[in-house]
Amino acid sequence: MDSQLEQVSVDIQKIVYKKAMLHACKYATEDVIGILIGQINDTHVNIVDAYPLFHSRVSLNTLEVSLDIISSELQSDRKIIGVYEARANARGIMSNIAQEILNNINQKQAIVMRISQIEVDDIPLLNAKIVSQNENVKYVINSSSTLEWWVIQDCLKAGLHWKIIDFDAHFENVQLNFRNQYLE
């Protein structure tokens, strides 16, 4: 059946892993969601950045404002191409808010990065998996884009996950920078 699937290669920059996974670590007992930024076409996806959105209840108004702010800052060759989410309850089903964002993106190959906890040698680790919303598309992560867990571990040891700012925090205090450039 795989031979009938359209294969799309995916490149993921390390900053994407850092922001998404550190967001999930900071709010480990809550569902978190963010958006993925990059370029996308029929054969290739390049995910270049991520913006942490929320870790608590979301209204459509705050979602729209957040997406408008982010869209206004994007370079002309970049756009919102998907979402990442980490579910505290590990149900593996997409949240309504993630589905709403994907509906607004309106792209054949919108990307979903699902972050979950796995165990390797009895040590809990985070795993990021790209999931296709189109049953005719299979994403193939390029080997240069695989997650190097030590990058995240070093950030955790340095306490950088406590500094992650999402839009929940930004809306409480607009002085807080949702871009999280300190990770770059």
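Where an unreviewed UniProt entry is consulted, the chain appears under the name MPN domain-containing protein, with the organism given as Paramecium octaurelia.

## Some words on the overall build of the chain
What the chain contains, in helices and strands, is five helices and seven strands. When its helices and strands are written in sequence order, the chain yields β-α-β-β-α-β-α-β-β-β-α-α. Looking at the chain as a whole, 47% of its 184 residues qualify as buried. In the chain, of all internal contacts separated by at least 6 residues, the share reaching a separation of at least 24 is 70%. Summed over all atoms, the accessible surface of the chain reaches about 9800 Å², with 46% contributed by carbon and sulfur.

## Some thoughts on the nonpolar core
Core analysis: the biggest nonpolar cluster contains 33 residues, and Leu36, Val45, Ile47, Met113 and Ile115 have the highest contact counts within it. If one sorts the elements of this core by residue count, helix α1 (residues 14-26) sits on top with seven residues. Residues Ile33, Ile37, Ile97 and Ala98 belong to the second largest nonpolar core, which totals 23 residues.

## Structural notes on the pattern of salt bridges
Taken as a whole, this structure holds two salt bridges when the rule is applied. In this structure, lysine 19 and aspartate 49 form a salt bridge, with 2.8 Å as the shortest nitrogen-oxygen distance. Placement of lysine 19 in helix α1 and of aspartate 49 in strand β3 (residues 44-54) is noted, with a sequence separation of 30 residues between them. Here lysine 19 and aspartate 49 have matching classes, each one buried. Of the charged contacts, one joins glutamate 73 and arginine 179 as a salt bridge, the two residues approaching to 2.4 Å between their closest N and O atoms. Taken together, the positions of glutamate 73 in helix α2 (residues 60-73) and arginine 179 in the segment after α5 (167-172) put the pair 106 residues apart, joining distant regions of the chain. For arginine 179, a relative accessible area of 25% puts it in the partly exposed group.

The rules behind each value
Residues numbered from 1 in each chain as written. Predicted model: local features only at pLDDT ≥ 70, side-chain atom pairs only at ≥ 80, totals over all residues. Heavy atoms only, no water. Helix = DSSP H or I, 4+ residues; strand = E, 2+ residues; numbered from the N terminus. Buried < 20%, exposed > 50% of the residue type's maximum accessible area, 1.4 Å probe, protein only. Contact = heavy atoms within 4.5 Å. Areas by Shrake-Rupley, 256 points an atom, 1.4 Å probe, with all protein chains shown as cover. Core = buried A, V, L, I, M, F, W, Y, C linked by side-chain atoms within 4.5 Å. Salt bridge = Lys/Arg side-chain N within 4 Å of Asp/Glu carboxyl O.

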